[in-house]
Amino acid sequence: MKYLNKILSTVLLLMFVSLYSSAQLSQPVNFPLPPNMAAANVTAAEYYFDRDPGFGKGASITISSGADVSVNNFPVNISSLSTGIHRLFTRTKNANNRWGMTNVATFFIIPPGSLFPPNANISDVTAAECFFDRDPGFGKGSNIPIASGNDVSVSNFAVEIDTLSTGVHRFYVRTQNGNEKWSMTNITTFFIVPPGALFPANPVATNVSAAEYFIDTDPGLGKGTSISVTAGSDISANNVAVDISSLANGIHRIYVRTRNTNGQWSITNVASFYIVPVNFTLPPNPAPGNITKLEYFFDTDPGFGKGTIITVPATTDLNNYSFAADITGLKNDTTHTLYIRTFDGWSLTNTKTFLIGTALPLTWISFDAKAVNKNVELDWITAREINTDHFDIERSSDGEHFSKIGTVASSQNSATESDYNFTDDNPINGISYYRLKQVDKDGHFTYSIIISVKMNTQLSVQIVGNPVHQSLHLQISGANGEVIPFWIVDASGKKYKTFTATDGSKQINMEDLSSGVYYLVYQSGNGVVSMPFDKE
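All of these numbers come straight from a predicted model, not from anything done at the bench.

### Section: the overall build of the protein chain
Here is step 1: In terms of helices and strands, the protein chain carries 1 helix and 31 strands.
Here is step 2: The buried share among the 536 residues of the protein chain stands at 27%.
Here is step 3: Relative to all contacts within the protein chain whose residues are 6 or more apart in sequence, the contacts with residues 24 or more apart total 55%.
Here is step 4: Split by element, the accessible area of the protein chain, about 36700 Å² in all, is 53% carbon and sulfur.

What follows is the structure, encoded as structure tokens:
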């Protein structure tokens, strides 16, 4: 009983403490956080290798005290380190004697006298091959004809896919150089559709008939504020009255979308805007100060105010101001850059690239190109040619990477105008970019401007005469010399004939086929085309 009383007393005491603590904690507690410590300058830095010797016991790094220091290059003594992997640790200390986090970088010390193997000489690409689905081994794929060179481009080449089944396949391509080393293998995936497969036609475009807008929250399709539009296939509503009277100050988003006559809504376009308080006044723009001087320099910026100074009449507008720039000391036959900036507080720096050299070998008068049937005709005129040798005609598909497609001899020396022309009989389907590289007898060269021509050719195949009797007569255009593969199949997809053709007329003997409905199948830029015809 004595022990029971003691246990009960202890339990009651604990309950009393718990209730008292709960009552106390339910009261508001004022617990002030200490203020942020004022930022102190970085005053010291140190480094060490591999093992931390303790704060302040590393090798000192010389720095200039400041709130933000940068030490990109500093000498470190590695003479006592062994060959192999090591770690370099760095850290800084501020004026309050607090050390920052320790940064680490890993490096490797090679054995003295170690020689790295020399870089292999670049060798021309000499061969290329392709294969489908499974790698037969290096050199065992199908040969791709290429012209040997250190940078080859093979955009179009014929591959045989008659043995491939319907479905997904992978096409692999790789090249070999003069050292008999193979490149990485490039891969692309494609799909062979069943012969006679018909793709659904593209839906007919319909007019836009309605438009709406809303702000911040989407009320649902068709529940926004209507925008008055005139029905059409391409509408423009640049100015629409929008009620913003109920919007609070701050950032908002306006959403706009349209609906066509089939009841289908477009993607919703969005733009952000800001509503400022009614009494919000923007500060006035500062009055422009007078420009009192300018400076120029060539190739390397010496720093603001350290170029060649030109004093100018005080003005706020320095348009069409001219001055003589001293080019003494600049190398001939070298491209240089002239930098100019003005002072009312320093302006942005303007640049102009120029070439110092001997007199230009010719004067470009014009350079034009136009599409003529399936070709591109290039014409250019020059004047005052001095020791010119020839023109290289260069073409590009992107306006940046050019390759040579032909050469035209020049007049060499002429005081009068000279006319030239060149025909590109295999232009790029789409946009072709052209430039001329004029080469002198001494090997120096200059480039013309870049011009472009768009070829709007598209493969067109027509069956002449249907039903077909003894021969299937085709009329083909827009192939641009490319050899197009064709198949003749029946409604079940069974293949009866395979042949190739290009621009012009083509006749296929059909006497061995029985009467019935067949399909002419070929690949065009828009996909697989299947054309039915009757055989009698």
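### Section: the sheet that holds strand E21 (residues 418–424)
Strand pairs in the sheet, formed through backbone hydrogen bonds, run parallel or antiparallel to each other.
Here is step 1: Ordered by their spatial adjacency, 3 strands build an open sheet running E17-E18-E21, and the pairing between neighbours is antiparallel. With partners counted over all chains shown, the strands left at the sheet margins are strand E17 (363–372) and E21, one partner each. Pairwise comparison of adjacent strand axes, ignoring direction, gives a mean angle of 15° for this sheet.
Here is step 2: Relative to E21, strand E18 (residues 375–383) is paired through 7 bridges, and the arrangement is antiparallel. Paired with Trp380 across the strands is Tyr420, a residue of E21.

### Here we look at the sheet that holds strand E26 (residues 471–477)
Here is step 1: Read across the sheet, 3 strands follow the order E25-E26-E29 without closing on themselves; strand pairing throughout is antiparallel. What marks the edges here is a single partner per strand, and that holds for strand E25 (460–464) and strand E29 (504–509). For this sheet, the mean angle separating the axes of adjacent strands, direction not counted, is 25°.
Here is step 2: As paired strands, E25 and E26 are joined by 5 bridges and run antiparallel to one another. Paired with Val464 across the bridge in E26 is His473.

### Quick look at the nonpolar core
Here is step 1: Grouped together as the largest cluster of nonpolar side chains are 21 residues, with contacts concentrated most on Val461, Leu472, Phe486, Ile488, Met510, Leu520 and Phe533.
Here is step 2: The set of elements that each furnish at least two residues to this core consists of E25, E26, strand E27 (484–490), strand E28 (495–501), strand E30 (516–524) and strand E31 (527–535).
Here is step 3: Apart from residues no more than four positions distant in its own chain, Met510 is found in contact with Val468, His469, Gln470, Ser471, Leu472, Ile488, Lys497, Phe533 and Lys535.
Here is step 4: Within the second largest apolar cluster, 15 residues are counted, among which are Leu362, Leu378, Phe391 and Val408.

### Some remarks on the environment of Phe108
Here is step 1: On the secondary structure map, Phe108 appears in strand E4 (residues 103–109).
Here is step 2: Here Phe108 falls in the exposed class, since its relative accessible area comes to 52%.
Here is step 3: Separated by 25 residues in sequence, Phe108 and Thr83 place their C-alpha atoms 7.5 Å apart.
Here is step 4: When residues no more than four places from it in sequence are discounted, the contact partners of Phe108 are Gly84 and Ile85.

### Comments concerning a nonpolar patch on the surface
Here is step 1: Judged by side-chain polarity, Ile85, Phe108 and Ile110 come together as a nonpolar surface patch covering roughly 320 Å² of accessible area.
Here is step 2: Here Ile85 shows up in strand E3 (residues 84–94).

### Some remarks on the packing of aromatic side chains
Here is step 1: Applying the stated criterion across every chain yields a total of 25 aromatic pairs.
Here is step 2: Look at Phe138 and Trp182: their rings are 5.9 Å apart centre to centre, the planes differ by 25°, and that puts the pair in the stacked class. Of the two residues, Phe138 is situated in the loop between strand E5 (125–132) and strand E6 (142–143) and Trp182 in the loop between strand E7 (167–177) and strand E8 (186–192); the sequence distance between them amounts to 44 residues.
Here is step 3: Phe138 gets classed as exposed once you look at its relative accessible area, which sits at 54%.
Here is step 4: Among the residues examined, Trp182 registers a relative accessible area of 23% and is labelled partly exposed.
Here is step 5: For the ring pair Trp380 and Phe391, a centre distance of 5.6 Å and an interplane angle of 65° mean the geometry is edge-to-face. Residue Trp380 is located in strand E18, and its partner Phe391 is located in strand E19 (residues 388–396); the two are separated by 11 residues in the primary sequence. Taken individually, Trp380 and Phe391 each receive the classification buried, so the pair is uniform in this respect.
Here is step 6: Aromatic ring contacts, followed pair by pair, group Tyr47, Phe49, Phe74 and Phe107 into a single cluster.

### Some words on the pattern of salt bridges
Here is step 1: The full count for this structure, using the stated rule, is 15 salt bridges.
Here is step 2: Between Glu129 and Arg174 there is a salt bridge whose closest N-O contact spans 2.7 Å. One end of the pair, Glu129, is in strand E5; the other, Arg174, is in strand E7, and 45 residues separate them in sequence.
Here is step 3: Glu129 sits in the buried class, given a relative accessible area of 3%.
Here is step 4: Classification of Arg174 by relative accessible area gives buried; the value is 0%.
Here is step 5: Asp135 serves as the salt-bridge partner of Arg174, at 2.8 Å between the closest nitrogen and oxygen. Here Asp135 lies in the loop between E5 and E6 and Arg174 lies in strand E7, a separation of 39 residues in the sequence.
Here is step 6: One continuous salt-bridge network, built from bridges that share partners, spans Glu46, Asp52 and Arg91.

Quick notes on the rules
Residues numbered from 1 in each chain as written. Predicted model: local features only at pLDDT ≥ 70, side-chain atom pairs only at ≥ 80, totals over all residues. Heavy atoms only, no water. Helix = DSSP H or I, 4+ residues; strand = E, 2+ residues; numbered from the N terminus. Buried < 20%, exposed > 50% of the residue type's maximum accessible area, 1.4 Å probe, protein only. Contact = heavy atoms within 4.5 Å. Areas by Shrake-Rupley, 256 points an atom, 1.4 Å probe, with all protein chains shown as cover. Pairing = 2+ DSSP bridges. Axes fitted to C-alpha atoms, helices over the stretch in contact; angles between N-to-C directions. Core = buried A, V, L, I, M, F, W, Y, C linked by side-chain atoms within 4.5 Å. Patch = residues over 30% accessible without salt bridge, like charges linked within 9 Å, V, L, I, M, F, W, Y side chains within 5 Å. Salt bridge = Lys/Arg side-chain N within 4 Å of Asp/Glu carboxyl O. Phe/Tyr/Trp six-rings, centres within 6.5 Å; stacked < 30°, edge-to-face > 60°.

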